[in-house]
Amino acid sequence: MGSDDSGRGSIAFFGTYRPPVPLDIYSCPADPPPSSRKDELHLTDGVSYNQNGRAIPAPALKELLTFLGKKNPALAAECGATPDDAEKGRVAGLVFVSERDKGLETLHVALVRPKGEGGAVKVLSLGDVYGADTFGGSRMEDSGCIAGGFKVGARTVGHSLVYVSTKEPVTRRRTPWTVVYRTNLADGKTERLTPPGQYDVSPAVSPSGKMVAVANFRGNKWTGEIERLNTDIAVMNVDKTAQGGLRRRILIRDGGWPTWGSDNVIFFHRGTGESPTNWAVFRYDIATKETVRVTPEAIDAMTPAAISETRVAVAAIRQKSRQAAMTTPREEAQYRHIEIFDVASPDRPAVQISQKIRPKGDHYNPFVADGGSRIGYHRVRTDDLVIGNNLSAPTKSFDKIHSPHTDVGLFRVSGVFPTISKDGAKLAFVDNEFKAVWLADTQGLRVVYERGSNAVFSTAWNQNPDKDTLYVCVGPSFSAAKPLEIYAISNVSGPSAGRKVQRLTAGNFNNAFPSSNAQGDKFVFRSTRDGGKEKFHKNLYIMEDAEEGEFGQGTVTRLTNGPWTDTHCSWSPKGDWVVFSSTREMPASAPEMAFLDAGYFAVYLVKVSNPTVVVRVVQSSATLAGHVNHPIFSPDMRSIVFASDLAAVSNEPISMPVFLHSVRPYGDILSVDLRDTDDITKNKDIQEFHRITHSRYEYSTPTWTKFATDDPNEQWNMLAVKGSTPFRPACPYMYPDGGEGWHMAGHLTIPKRCC
């Protein structure tokens, strides 16, 4: 890794609860249901992370392969599938989301040959088929499904791929970027189906191919909900030219994830009750306007996939999980499983699909395959697991991600709170169980500090590389009222015998997020000292002696003062400003304790030499309701990068795993460019922001180094130092007996966030 003279370095970040074990797509027979694991078929090639599959009808696959043969004959020859193969059933098609394209979550097509035809799987990128103008750039794609194939008069409307993409920038804050598009499989022409100013997720096409149903954000906005979105189901025509316009209309209030049982019947899921939310699947008859609950009240059911007018596959959780910690194994009934319900036979037990093959595993987002004879879903690739709670092989700890900025690199780190030394030689992070601090450099990867569970977090290098000092926070990371202390690990990259661990804070306050000045002789941090009777208020302080701390002759100077939360502080490279996130302008009408839960965070700058000068740089929205957190300066001080929900959510969160603490308040990594780096006060309320990541997961805790690298795995040697334990991140999808999900819950009471 070297200094990037032509660029601006690299941003690293952490993907919260993105499973270290890859997801993949499978199917099982529906009638009769599977009896053993031998009945499960693997539908993709096992490369990368794969999820949210939908079957491609043979006529549509034929059109795609015909276009591929004309557009890219070499690729067509390489994949070895012809239009005739599709027509005669020698190859089947699956459109699904994969992360194999520079780490982006985008749509791909799997060409699956039956076992009699060799059983091989070939995966095509839609960008390679239809071009980067449509399927290119920074974006997330989802919910691919096939429309068209119906007659209008004497002609047949060709097939199209209908899908969600976040490729179009949205300037209004805390607004979804999710828009539904239609790409013609025969010629690649693409049009937007979602009207301007509106935002949709979860498209589904009717069996005739004529209509599309979507979950539409009510009021054309996101309310901040992270589990039960406020969406209505809208329907529209597929082809406005052939069908006399889209004729879009709201059909069902308060519903999501639509799926068509026929052109007259829609199944959907809906959150019921208050907190905690219960989930159920319903059936709506368009002709009679009758809505009927399909799934029993005793279970949670979501993400339906209709098989017929009466039969529907759902992901179901039969028993809620309420464990307060992430260390309690669940019972079999607490896993998310695929089941089939029939409204025509309400007294008949549901058909269980995944329980028979992996009872202690979570299965997600069913879809119909092979005309309804099989049900598909995605789950963790259990072939990569071993007994216990770790991966079976050394994991890739860094993923190079496509960056929207040509002069800024981007990579994702498997560990939490990544931090890079000023000289770029060392990277430190915490494992995702908050037990140990890991260091990666040319010597290899090793543990440099270890505590009990949930006891260490927030690593930060001293900005003076000569000091070789790393700061960490020790104590309960998700409890603002409990003591949390800052420690310094000196000589951290040297032999363990010369390593020194020293506590720097005293007084049993909640102290966190240290950041040193450039000289490394001071650091700023946030603390609950002077935080009121309940110690909920947090302000910024400067440790005047970074080596003594507040022991001996060390002293602490207060930097900010007020009944709010100032946190996530970072000292500027020039040393004159501190950037931080704060709830200081939270409205008086906000619910009590909202500064810990609902957000109201914005980014501010405070002048170190004159703390009365405070500049609000990044506002969440006009109401301040939301999260703009973990801000840091770029090394050249031209930009500030942060984690935020400015781009709302990019899919229906209930279709994802729901973890303890996994409430996705931060969302994605974003940045703003400063107007003036000499006079910081001219940077008040910058409106234009840049979305750097596009993901369904929560991305958080960014760090920005002036150094760039094409392969971070080569720069920081991830091979374990001889005699030390390899880094094997705990997987929240795993169970001690080799199954998945041992400390992942179907539903959990969400605690206070750590801020």
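Remember, it's a predicted structure, so these values are computed and weren't measured experimentally.

A. Structural view of the overall build of the protein. Within the protein, the regular secondary structure consists of five helices and 52 strands. Long-range pairs, those at least 24 residues apart, make up 59% of the contacts in the protein with a sequence separation of at least 6. Carbon and sulfur atoms make up 49% of the accessible area of the protein, which amounts to about 27,600 Å² in all.

B. Layout of the sheet that holds strand 45 (residues 602–607). Reading across from one edge, 43-44-45-46 is the order of the four strands in this open sheet, with antiparallel pairing throughout. On the outer flanks of this sheet lie strand 43 (566–571) and strand 46 (614–618), each paired with one strand and no other. Each strand axis lies, on average, 30° off the axis of its neighbour in the sheet, ignoring direction. Pairing geometry for strand 43 and strand 44 (residues 577–582), over four bridges, is antiparallel. Counterpart to Asp566 in the pairing with strand 44 is Ser582.

C. Expanded view of the side chain of Thr231. Here Thr231 lies in strand 17 (residues 231–237). Since its relative accessible area comes to 2%, Thr231 is described here as buried. At 2.7 Å, the side chain of Thr231 and the backbone oxygen of Gly255 are in polar contact. Beyond its immediate stretch of four places on either side in the chain, Thr231 contacts Ala215, Asn216, Phe217, Arg218, Asp254, Gly255 and Gly256.

D. Layout of the packing of aromatic side chains. Per the counting criterion, the structure on display carries 14 aromatic pairs. Summarising the aromatic geometry, the rings of Tyr471 and Phe523 are spaced 5.0 Å apart at their centres and angled 45° between planes, so their arrangement reads as tilted. Residue Tyr471 is found in strand 36 (residues 470–474), and its partner Phe523 is found in strand 40 (residues 523–527); the two are separated by 52 residues along the sequence. In this structure, Tyr471 and Phe523 share a single accessibility class: buried. In this structure an aromatic cluster arises from ring pairing among Phe67, Tyr130, Phe135, Tyr163 and Tyr181. The lysine or arginine in question, Arg584, covers the ring of Tyr604, its NZ or CZ lying 5.5 Å from the ring centre.

E. Structural view of the pairing of strand 44. Counting buried positions along strand 44 gives six out of six residues, so the element sits mostly inside the fold. Covered by surrounding structure in strand 44 are Trp577, Val579 and Ser581 together with Val578, Phe580 and Ser582, the residues of both alternating faces. Hairpin remark: strand 43 followed by strand 44, antiparallel, with five residues in the connecting loop; positive phi at Gly575, about 90°.

F. Highlighting the sheet that holds strand 33 (residues 436–441). Strand order in the open sheet formed by four strands is 31-32-33-34, with antiparallel pairing between adjacent strands. Both outer strands of the open sheet, strand 31 (416–420) and strand 34 (444–450), are each paired with one neighbouring strand and no more. Between one strand and the next, the sheet's axes are offset by a mean angle of 20°, whatever the strand orientation. Pairing geometry for strand 33 and strand 34, over six bridges, is antiparallel.

G. The arrangement of unusual backbone geometry in detail. Here the amide bond leading from Asp31 into Pro32 is cis, since omega sits at 0°, within 30 degrees of zero. Within the chain, Thr303 stands out as a residue other than glycine whose phi angle is a positive 50°. With respect to the element layout, Thr303 can be found in strand 23 (residues 300–306). Given the relative accessible area of 0%, Thr303 is considered buried.

H. Molecular detail of the pattern of salt bridges. Following the criterion strictly, the structure yields 43 salt bridges and no others. One salt bridge in this structure joins Asp300 and Lys320, with 2.4 Å as the shortest N-O distance. Of this pair, Asp300 sits in strand 23 while Lys320 sits in the loop between strand 24 (311–317) and strand 25 (337–342), placing them 20 residues apart in sequence. Residues Arg584 and Asp566 are paired through a salt bridge, measuring 2.6 Å at the closest nitrogen-oxygen approach.

I. Geometry of helix 1 (residues 58–71). If you check helix 1, its first and last C-alpha atoms are 20 Å apart, about what 14 residues at 1.5 Å a residue would give, namely 20 Å. Looking only at helix 1, the buried set comprises Ala60, Leu61, Glu63, Leu64, Leu65, Phe67 and Leu68.

J. Quick look at the pairing of strand 40. Most of strand 40 is tucked away: five of the five residues are buried. Burial along strand 40 is two-sided: Phe523, Phe525 and Ser527 facing one way and Val524 and Arg526 facing the other are all buried. In this structure, strand 39 (residues 511–516) lies alongside strand 40, joined through four bridges in antiparallel fashion. Note on strand 40: the bridge partner recorded for Ser516 is Phe523. Count of turn residues in the strand 39/strand 40 antiparallel hairpin: six residues, of which Gly520 carries a positive phi of about 80°. In terms of strand pairing, strand 40 meets strand 41 (residues 539–543) through five bridges, oriented antiparallel. By the bridge assignment, Arg526 is partnered in strand 41 with Leu540.

K. Expanded view of the environment of Ile56. Note on placement: Ile56 falls in strand 5 (residues 50–56). Along the sequence, Ile56 and Leu111 sit 55 residues apart, while their C-alpha atoms lie 9.7 Å from each other. Sequence-distant contacts of Ile56, defined by excluding residues within four places in its chain, comprise Leu61, Gly93, Leu94, Val95, Val109 and Ile146.

L. Focus on the nonpolar core. Of all hydrophobic cores here, the largest spans 47 residues; its most connected members are Val437, Tyr449, Phe457, Val472, Phe523, Val524 and Val578. Ranked by residues supplied to this core, first place goes to strand 36 with five residues. Ranked by size, the runner-up nonpolar core spans 30 residues in total, among them Trp577, Val617, Val618 and Met637.

M. Focus on the environment of Ile340. Tracing the chain through its elements places Ile340 in strand 25. In this structure Ile340 comes out as buried when scored by relative accessible area, which is 3%. Once the C-alpha coordinates of Ile340 and Ile307 are considered, the two residues, 33 residues apart in sequence, prove to be 8.9 Å apart.

N. The side chain of Ser202, seen in detail. Locating Ser202 in the fold gives a position in strand 15 (residues 200–205). Separated by 2.6 Å, the side chains of Ser202 and Glu652 make a polar contact. With residues up to four places along the chain from it excluded, the contact list for Ser202 reads Ser143, Val164, Ala213, Val214, Ala215, Trp257, Pro258 and Glu652.

O. Quick look at the confidence of the model for the protein. Residues of the protein with pLDDT of at least 70 account for 86%, and the chain-wide mean is 87. The model gives residues 1–6 a pLDDT under 50, and that stretch makes 15 contacts with residues more than four places away or in other chains. The low-confidence segment residues 733–753, where pLDDT is below 50, has 124 contacts with residues more than four positions distant or belonging to other chains.

What counts and how
Residues numbered from 1 in each chain as written. Predicted model: local features only at pLDDT ≥ 70, side-chain atom pairs only at ≥ 80, totals over all residues. Heavy atoms only, no water. Helix = DSSP H or I, 4+ residues; strand = E, 2+ residues; numbered from the N terminus. Contact = heavy atoms within 4.5 Å. Areas by Shrake-Rupley, 256 points an atom, 1.4 Å probe, with all protein chains shown as cover. Pairing = 2+ DSSP bridges. Axes fitted to C-alpha atoms, helices over the stretch in contact; angles between N-to-C directions. Buried < 20%, exposed > 50% of the residue type's maximum accessible area, 1.4 Å probe, protein only. Polar contact = N/O pair within 3.5 Å; in protein donor to acceptor, adjacent residues only side chain to side chain. Phe/Tyr/Trp six-rings, centres within 6.5 Å; stacked < 30°, edge-to-face > 60°. Lys NZ or Arg CZ within 6 Å of the ring centre and 35° of its normal. Salt bridge = Lys/Arg side-chain N within 4 Å of Asp/Glu carboxyl O. Expected span 1.5 Å × (residues − 1). Core = buried A, V, L, I, M, F, W, Y, C linked by side-chain atoms within 4.5 Å. pLDDT = per-residue confidence, 0-100.

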